[in-house]
Amino acid sequence: MDLGLKGKRAIVCASSRGLGKGCAEALAAEGVDLVLNGRTPGTLEATAEAIRAAHGVSVETVPGDIATDDVQARLVEAVGTPHILVNNAGGPPPGDYTDWDRADWQAALDANMLTPIMLMKAVLPGMIDRGWGRIVNITSGAVKAPIPVLGLSNGARAGLTGFVAGLSRQVAKDGVTINNLLPGPFDTDRIAQTLEGAARAQGRTVDEIKEERKAQNPTRRFGEADEFGAYCAFLCSRQAGYVTGQNLLMDGGAYPGTL
Ligand code: NAP
């Protein structure tokens, strides 16, 4: 299926590894020119070069922390008016509510709520003028069912979700869609860190915990970043113009609700 994206331009935040990289690769495969971001310049450049070589699209890079005003401004400057914005950042650390002070909450809100809101604010006027835009926010299955040790994530992402529910309806008449894509367990560095933490806490091996977690999922496996990227690319497509304001779970059926 031709997704109608050839020649369009996208900002993909936090995209040097993992789910953001999966989205960048899937968009590049559709002929989208990219601006990528991540904090580690070497990893970011290696990803950019691999995507250029594989897909022949233009790939620029803006290294640095996506939660800073400077990096957000440089991303927008690099692309002009993007057709597509994929919001993403690293997830907040695990812990317990008794551990977190105001500064911890501020950091989580900055990265996982306020950064995507500020980037949407920056790109929406151009998308509205053009009469076409696609925004995908990578959030978490924790929005549907909270993960107890990820309270900072549960809270910050809920704030973004509430805001997007209203904003997406406001800009729908201008040809702009905004959707949230909610990953369950995906085989990335993020889940590897979570597994290591659980293994240490329980005095077991990472492999034991990993196999146990996979067995708990209806598919008996973790998702892959390329599967996630393909869903993201579809949400950015011409054909997905009537899908907006949705929270789309991609978790191998882990969430047990009927609806
Ligand atoms: P990952 O494998 O750890 O990759 C994170 C990517 O984001 C890397 O490219 C990293 O590069 C970059 N990054 C992290 N913090 C950044 C920052 N402040 N500024 C700029 N770039 C940053 O993580 P992932 O699994 O792809 O997860 C992506 C998002 O989905 C996270 O918010 C995570 O919490 C959420 N999520 C993941 C899962 C899962 O199972 N994987 C499940 C639910 C939710 P640098 O480190 O070089 O900056």
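The shown structure was predicted, so the numbers you read here are calculated from the model rather than taken from an experiment. (Residues numbered from 1 in each chain as written. Predicted model: local features only at pLDDT ≥ 70, side-chain atom pairs only at ≥ 80, totals over all residues. Heavy atoms only, no water.)

In this section: the overall build of the protein. Looking only at helices and strands, the protein has eight helices and seven strands in total. Expected size for 259 residues packed as a compact globule is a radius of gyration near 18 Å; at 18 Å, the protein falls within 12% of this value. Expressed as lengths along the three principal axes of its C-alpha atoms, the size of the protein is roughly 55 × 40 × 40 Å. Burial analysis of the protein (259 residues in total) assigns 45% to the buried set. Treating the 25 positive side-chain charges of the protein as one cloud and the 29 negative ones as another, the clouds have centres 5 Å apart. (Helix = DSSP H or I, 4+ residues; strand = E, 2+ residues; numbered from the N terminus. Rg over C-alpha atoms; globule rule 2.2 N^0.38 Å. Buried < 20%, exposed > 50% of the residue type's maximum accessible area, 1.4 Å probe, protein only. Lys, Arg positive; Asp, Glu negative; His and termini not counted. Charge placed at Lys NZ, Arg CZ, Asp CG, Glu CD.)

Attention now moves to the sheet that holds strand β2 (residues 33-38). Spatial strand order, β3-β2-β1-β4-β5-β6-β7: seven strands in an open sheet with parallel pairing. What marks the edges here is a single partner per strand, and that holds for β3 (59-63) and β7 (247-250). This sheet shows a mean twist of 15° between the axes of neighbouring strands, independent of strand direction. With three bridges connecting them, strand β1 (residues 9-12) and strand β4 (residues 84-87) associate as parallel partners. Within β4, the position partnered with A10 by the bridge is I84. (Pairing = 2+ DSSP bridges. Axes fitted to C-alpha atoms, helices over the stretch in contact; angles between N-to-C directions.)

If you trace the backbone, H83 turns up in the loop between α3 (69-79) and β4. With relative accessibility at 11%, the residue H83 sits in the buried group.

Attention shifts here to the site of the ligand. As a matter of local geometry, the ligand sits amid 28 residues, with S16, R39, T40, A89 and T188 nearest to it. At 2.7 Å from an oxygen atom of the ligand is found a main-chain nitrogen or oxygen belonging to L19. Take G90: an N or O atom from its main chain is 3.3 Å from a nitrogen atom of the ligand. Out of a free accessible area of 880 Å², the ligand has 92% covered by protein chains. (Near = heavy atom within 4 Å. Polar contact = N/O pair within 3.5 Å; in protein donor to acceptor, adjacent residues only side chain to side chain. Areas by Shrake-Rupley, 256 points an atom, 1.4 Å probe, with all protein chains shown as cover.)

Before going further, it helps to examine the pairing of β1. Relative to β2, β1 is paired through four bridges, and the arrangement is parallel. By the bridge assignment for β2, R9 is matched with D33. Viewed along the sheet, the connection from β1 through helix α1 (residues 18-29) into β2 turns out right-handed. (Right-handed = clockwise from strand over helix to strand, strands pointing away.)

Right, let's get into the packing of aromatic side chains. Evaluation of the coordinates by the stated rule reveals two aromatic pairs. Residues F186 and F228 carry aromatic rings whose centres are separated by 5.4 Å and whose planes lie at 80° to one another, so their mutual orientation is edge-to-face. Separated by 42 residues along the polypeptide, F186 in the loop between β6 (176-183) and α6 (189-202) and F228 in helix α8 (residues 225-235) bring together distant segments of the chain. The residue whose ring lies beneath K8 is W132, and the NZ or CZ to ring-centre distance is 4.5 Å. (Phe/Tyr/Trp six-rings, centres within 6.5 Å; stacked < 30°, edge-to-face > 60°. Lys NZ or Arg CZ within 6 Å of the ring centre and 35° of its normal.)

Below, the discussion takes up the packing of α1 against α8. It is at 7 Å that the axes of α1 and α8 come closest, and there the two elements cross at 55°. It follows that α1 is oblique to α8 by the angle criterion. Viewed along their axes, α1 and α8 form a crossing whose handedness is right-handed. Here α1 contributes G18, L19, G22, C23, A26 and L27 to the contact with α8, which in turn contributes A225, F228, G229, A230, C232 and A233. Of the residues in the contact of α1 with α8, the class split is nine nonpolar, three polar and no charged. (Parallel < 35°, antiparallel > 145°, perpendicular 65-115°, else oblique. Left-handed = near helix turned anticlockwise from the far one by under 90°. Contact = heavy atoms within 4.5 Å. Nonpolar A, V, L, I, M, F, W, Y, C, P; charged D, E, K, R; others polar.)

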